[in-house]
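A structural walkthrough
Read off the chains here:
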Amino acid sequence: MTSQAMNYTVPSTKYTPEHTRYGMPTNGVSLPATRYTIHEWTGSNANQYLTSSTERTSSNNLRLESERLRCETADRTRRTQNDINAKLQDRIDNITYWKTEVDRQLQKTDQEIANLMSSKKQLEQAHVATQLPHEVATTCLKHREGRLSIDLVHDDVEIQLLKEVEMIENIQALLQQRISESDRQLSELRHCKSNLELDLKDKCASYGLDSRCAGLHNGSLGMALHNNSVKIDPKSATPAAYEAFSHDNITNAEKQRVSSCRQRELNEHTMHQTSNDLHKQAETVNESFRIRTQEMIVAKTNLEENLNQTILEIGSMNENIAALKEAIRLKDSPMRVAHMRLNTRSYRPNIELVRDPVQYGLVEEVAQINDSIEALAAKLNESEAKLRALEINKKGLEEDIAVKTNSLNIDQSQCLRLRKTLVWRRHEINF
């Protein structure tokens, strides 16, 4: 009989807790719920070895990669920070250069302003100095208006006196023109100075901030994160615009200083030329007086009533001028308040800088006060001009009353003596 081989292969089945792997009952003995084969056990161990080796290898690679990344990022951060430090120093050097240039231009502009103001003061003194010869010439003409009968002639003395008055008035107008031109040039210079001062102030502030930044390091105290600052402001200036701004300020200042130098040269030439012309004409008038002295006859006229009325009007006009000046003075405080409010509100930060009704109201208030001041000033100028006209008229009347007794007294005792006073004080009108 052919024997058949016995199959001892353990089926890979799971047994219940009530039976053994051979199907025998456990007789109530508690066994684990699951049973594995040796093959499964060996495979499980091998799988754990492989997984452990893989994880260790991955972990080792990760550690090596982490170390490499730490070194790389530390080096990159260090190089970036060093680069920023170098750029900060370059920026500080650039600010220092422009700050020095702007400051130098500011000092030159200050000096030129002082020089032009000195030149303008000389013009003003020259303008004031013309008042004496103008007053003398007009006084002599007024004296000679008292001549009577045949002696009331249009002689060479009158011709030269009229020419002298016209010349002096033209000189005064020319000097006033030069003064106005100097004022405009001073305004341009002061505008340049204001721009330079603002530019210098900003550069000093920027220099301080960047110097502070340059002094910061990784061990500095009080440092914090400012995420809102990590951006490029689209409204910020480019380096080219930054340099162009200061360059334009410097160029404008240099241009205005050149114009100011030309203005000072023109002022000097004008004062020198007009002084020579005035002195030459004064000698011509004196010579005419000496020739015509014996021919003059003066008559007295009764002008006391006109003189008294003029004096009363001068008193009234003086009161009017005082009232106008007081009205103008009273506008100063409201103007200062409005300007102070506008200046204070200009420091409102960011979006708070609103063109609100208050801002429009303040600007309108300043304009309104300016209009009031201009109206008062115009009326004051008109009143002062009228006062001067009244004073000249009063002086003429007084002189006419005093000298019209006879023509000889006017030309010899009064006019020539008055003009001799002009010769004695000639050094005062030597511009």
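Residues numbered from 1 in each chain as written. Predicted model: local features only at pLDDT ≥ 70, side-chain atom pairs only at ≥ 80, totals over all residues. Heavy atoms only, no water.

**Observations regarding the overall build of the protein**
Counted only if it meets this: By definition, any uninterrupted DSSP run of H or I lasting at least four residues is a helix, any uninterrupted run of E lasting at least two residues is a strand, and each is numbered from the N terminus. Exposure categories follow from relative accessible area, calculated using a 1.4 Å probe and restricted to protein chains: below 20% of the type maximum is buried, above 50% is exposed, and the middle band is partly exposed. Should any heavy atoms of two residues lie within 4.5 Å, those residues are considered in contact. Here the open area of atoms and residues is found with the Shrake-Rupley method and a 1.4 Å probe, where only the protein chains shown may cover a residue.
In terms of regular secondary structure, the protein is built from eight helices and zero strands. Reading the helices (α) and strands (β) of the protein from amino to carboxyl end gives α-α-α-α-α-α-α-α. Across the 431 residues of the protein, 29% fall into the buried class. Long-range contacts, defined here as pairs at least 24 residues apart, represent 87% of the contacts in the protein between residues at least 6 apart. Summed over its atoms, the accessible surface of the protein is roughly 29,200 Å², and 55% of this surface lies on carbon and sulfur atoms.

**Some remarks on the packing of helix α1 (residues 38-129) against helix α4 (residues 239-292)**
Each packed pair of helices is defined by two parameters, the angle between the axes and the distance between the axes. To keep it simple, the criterion reads: Orientation is described by lines fitted to C-alpha atoms, with helices fitted over the stretch in contact, and by angles between N-to-C directions that extend from 0 to 180 degrees. An angle counts as roughly parallel when it lies under 35 degrees, as roughly antiparallel when it exceeds 145, as roughly perpendicular when it falls between 65 and 115, and as oblique in every other case. Helix crossings get a hand from a simple test, with the near helix turned counterclockwise from the far one by less than a right angle marking a left-handed crossing and a clockwise turn marking a right-handed one. Residues are grouped as follows: Ala, Val, Leu, Ile, Met, Phe, Trp, Tyr, Cys and Pro are nonpolar; Asp, Glu, Lys and Arg are charged; all remaining types, including Gly, are polar.
The N-to-C vectors of α1 and α4 enclose an angle of 20°; their axes lie 9 Å apart at closest approach. One element, α1, and the other, α4, form an angle in the roughly parallel class. At the point where α1 passes α4, the crossing takes the left-handed sense. When grouped by side-chain class, the residues that make up the contact of α1 with α4 number eleven nonpolar, eleven polar and eight charged.

**Quick notes on unusual backbone geometry**
Leaving glycine out, the prevailing phi sign among residues is negative, and the prevailing peptide bond configuration is trans. You will see that Asn-350, though not glycine, has its phi angle at about 50°, which is positive. Counting through the fold element by element, Asn-350 comes out in the loop between α6 (332-345) and α7 (357-403). Judged by relative accessible area, which is 73%, Asn-350 ranks as exposed.

**Some remarks on the side chain of Glu-112**
Here is the rule: The definition of a polar contact used here is a pair of N or O atoms within 3.5 Å, where within protein one atom must be able to donate a hydrogen and the other to accept one, and adjacent residues in sequence count solely through side-chain atom pairs.
Its place among the elements puts Glu-112 in helix α1. At 2.8 Å, the side chain of Glu-112 forms a polar contact with the side chain of Arg-264. Glu-112 has contacts with Leu-189, Arg-257, Ser-260, Cys-261 and Arg-264, leaving out every residue within four places of it along the chain.

**Comments concerning the packing of α1 against helix α2 (residues 131-144)**
Interaxial distance between α1 and α2 falls to 4 Å at its minimum, and their mutual angle equals 15°. Regarding the angle of α1 to α2, the classification is roughly parallel. Across the interface between the two elements, His-127, Val-128 and Ala-129 of α1 pack against Gln-131, Leu-132 and Pro-133 of α2.

**Notes on the nonpolar core**
Applied cut-off: To qualify as a nonpolar core, a set must consist of buried Ala, Val, Leu, Ile, Met, Phe, Trp, Tyr and Cys residues joined through side-chain atoms within 4.5 Å.
Among the nonpolar cores identified, the biggest contains 13 residues, and Cys-140, Leu-161, Phe-289 and Cys-415 are the most heavily contacted of them. Broken down by secondary-structure element, the contributors of at least two residues to this core are α2, α3 (156-215), α4 and α8 (407-424). Excluding its chain neighbours within four sequence positions, the residues that come into contact with Cys-415 are Cys-140, His-143, Arg-144, Phe-289 and Ile-410. In terms of nonpolar packing, the next biggest core, distinct from the first, is built from ten residues, Cys-192, Leu-196, Ile-250 and Ala-253 among them.

**Quick look at the pattern of salt bridges**
Going by this rule: By definition, a salt bridge exists where a carboxyl oxygen of Asp or Glu is found within 4 Å of a side-chain nitrogen of Lys or Arg.
In the structure shown here, the tally under the stated rule is 23 salt bridges. In this structure, the salt-bridge partner of Lys-193 is Glu-197, at a minimum N-O distance of 3.9 Å. Linking Lys-193 with Glu-197, this pair stays in helix α3, spanning four residues, or about one helical turn. The closest approach of N and O atoms between Arg-290 and Glu-287, which form a salt bridge, is 2.8 Å. With a gap of three residues between them, Arg-290 and Glu-287 both fall in helix α4, about one helical turn apart.

**So, the packing of aromatic side chains**
The following threshold applies: Two aromatic rings from Phe, Tyr or Trp, using only the six-membered ring of Trp, form a pair when their centres are within 6.5 Å; if the ring planes differ by under 30 degrees the pair is stacked, by over 60 it is edge-to-face, and anything between is tilted. Charge over a ring is defined by NZ of Lys or CZ of Arg lying within 6 Å of the ring centre and within 35 degrees of the ring normal.
Evaluation of the coordinates by the stated rule reveals one aromatic pair. Looking at Arg-91, its charged tip hangs above the ring of Tyr-242, at a distance of 4.0 Å from the centre. Sitting over the face of the ring of Tyr-207, Lys-99 holds its NZ or CZ atom 5.2 Å from the ring centroid.

**Details of the side chain of Asn-249**
Along the chain, Asn-249 turns up in helix α4. With residues up to four places along the chain from it excluded, the contact list for Asn-249 reads Asn-195, Leu-196 and Asp-199.

**Regarding α2**
Convention followed: Expected span, for any helix, means 1.5 Å times one less than how many residues it has.
The terminal C-alpha atoms of α2 lie 20 Å apart, and with 14 residues this matches the ideal 20 Å at 1.5 Å per residue to within 8%. Here α2 lies mainly inside the structure; ten of its 14 residues are buried.

**Side note on the environment of Leu-141**
With respect to the helices and strands, Leu-141 occurs in helix α2. Along the backbone, Leu-141 and Glu-158 are 17 residues apart, and their C-alpha atoms lie at a distance of 6.9 Å. Excluding anything up to four places from it in sequence, Leu-141 contacts Glu-158, Leu-161, Leu-162 and Val-165.

**Looking at the confidence of the model for the protein**
Interpretation of the predicted coordinates at a detailed level should be avoided for regions scoring low in pLDDT. Selection criterion: The predictor reports its confidence for every residue as pLDDT, a score running from 0 up to 100.
Averaged over every residue, the pLDDT of the protein is 83; residues scoring 70 or more account for 84%. The secondary-structure element of the protein with the lowest mean pLDDT is α8, recorded at 76, while α3 shows the highest, at 92.

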